[in-house]
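So you can see what is in the structure, the chains are spelled out below.
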Amino acid sequence: MRISRARIGAVGAAVAALCLGGLVAPSAAHAADTYGRCNYVNDWYRPTLKKGPYNSSTAAAVKQVQCLINVGAWYPQPLSEDGEFGAKTDAAVRWVQDCNETTGGVDGIVGSNTWLDLYLPDPDCSL
């Protein structure tokens, strides 16, 4: 797995901040845009999601994934933040997993490792 120095620093800062009772993101500008805009669910709510229909309670989590992809993951095609985990969202999740070399591989399932990559994306994916 490729881990950039920027990502190591960002993860270290986030861990340190959590120990102090807060959350720090990899870059202030990136974080302000991402966390200020993507507020469909609390940041701690990270259910496992995959392609398929969702009820109203989990659709908000799908919207959070779609928003994080739109705002923070540098995905080249904007997604509709509609709460539907269809083919376009599945393709975007797989792109995030591939670009970030997500632990567990490219499977289209948003689990704990993919959530981490959505909240702390590899800056190299923006190139």
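Structure first, text after, so check above.
Here the residue numbers are simple positions, counted from 1 along each chain's written sequence. The predicted nature of this model means local features are confined to residues of pLDDT at least 70 and side-chain atom pairs, given and counted, to a pLDDT of 80 or more, with totals for whole chains, interfaces and linings taken over all residues. The basis for every side-chain value is the complete set of non-hydrogen atoms in the structure, without hydrogens or water.

(A) The overall build of the protein chain, seen in detail. Every helix listed is a DSSP run of H or I at least four residues long, and every strand listed is a run of E at least two residues long, numbered separately from the N terminus. When helices and strands are counted, the protein chain shows five helices and zero strands. Each helix (α) and strand (β) of the protein chain, taken in turn from the N terminus, gives the series α-α-α-α-α. A total of 127 residues make up the protein chain; the buried ones form 41% of that total. In the protein chain, the proportion of contacts linking residues at least 24 apart, taken out of those at least 6 apart, comes to 51%. Residue burial is assigned from relative accessible area. The probe radius is 1.4 Å, only protein chains are included, and a residue is buried under 20% of its type maximum, exposed over 50%, and partly exposed in between. A contact between two residues is defined here by any heavy atoms of the two lying within 4.5 Å.

(B) Broad picture of the environment of Phe85. Position of Phe85 among the secondary structure elements: in the loop between α3 (56-72) and α4 (87-99). Taking C-alpha positions, Phe85 is 5.6 Å from Gly52, a pair spaced 33 residues apart along the chain. Residues within four places of Phe85 in sequence aside, it is in contact with Leu49, Lys50, Lys51, Gly52, Tyr54, Val62, Asp90, Val93, Gly108 and Val110.

(C) Local environment of the packing of aromatic side chains. Ring pairs are drawn from Phe, Tyr and Trp, using the six-membered ring of Trp, whenever the two centres fall within 6.5 Å, and their geometry is named by plane angle: stacked under 30 degrees, edge-to-face over 60, tilted for the rest. With the rule as written, the count across this model stands at three aromatic pairs. A centroid spacing of 6.3 Å and a plane angle of 80° characterise the contact between Trp44 and Tyr45, whose relative ring orientation is edge-to-face.

(D) Inspection of unusual backbone geometry at higher detail. Within the chain, Trp74 stands out as a residue other than glycine whose phi angle is a positive 60°. Position of Trp74 among the secondary structure elements: in the loop between α3 and α4. The class for Trp74 is partly exposed, based on a relative accessible area of 33%. Although it is not a glycine, Glu101 sits at a positive phi angle of roughly 50°. Position of Glu101 relative to the elements: it lies in the loop between α4 and α5 (112-119). For Glu101, a relative accessible area of 34% translates into the label partly exposed.

(E) How the structure looks around the packing of α3 against α5. The angle between two axes is taken between their N-to-C directions and runs from 0 to 180 degrees, where each axis is a line fitted to C-alpha atoms and a helix contributes only its stretch in contact. For the pair α3 and α5, the least separation of the axes is 9 Å and the interaxial angle reads 45°. In terms of orientation, α3 and α5 fall into the oblique class. Note on packing geometry: the crossing formed by α3 with α5 is left-handed. Facing α3, whose interface residues are Ala61, Gln64, Val65, Leu68 and Ile69, α5 presents Trp115, Leu118 and Tyr119. In this scheme, roughly parallel covers angles under 35 degrees and roughly antiparallel covers those over 145, while 65 to 115 is roughly perpendicular and the rest are oblique. Left-handed describes a crossing whose near helix is turned anticlockwise from the far helix by less than a right angle; the clockwise case is right-handed.

(F) Region of the structure containing the pattern of salt bridges. A pairing counts as a salt bridge when a side-chain nitrogen of Lys or Arg comes within 4 Å of a carboxyl oxygen of Asp or Glu. Under the criterion given, the structure shown has two salt bridges. Between Glu81 and Arg37 there is a salt bridge; the shortest N-O distance is 2.8 Å. Of the two residues, Glu81 sits in the loop between α3 and α4 while Arg37 sits in helix α2 (residues 28-37), which places them 44 residues apart along the sequence. Ionic pairing is found between Asp90 and Arg94, a salt bridge with its closest N-O pair at 2.9 Å. Taken together, the residues Asp90 and Arg94, both in helix α4 and four residues apart, mark about one turn of the helix. Residue class for Asp90 comes out buried when judged on its relative accessible area of 13%.

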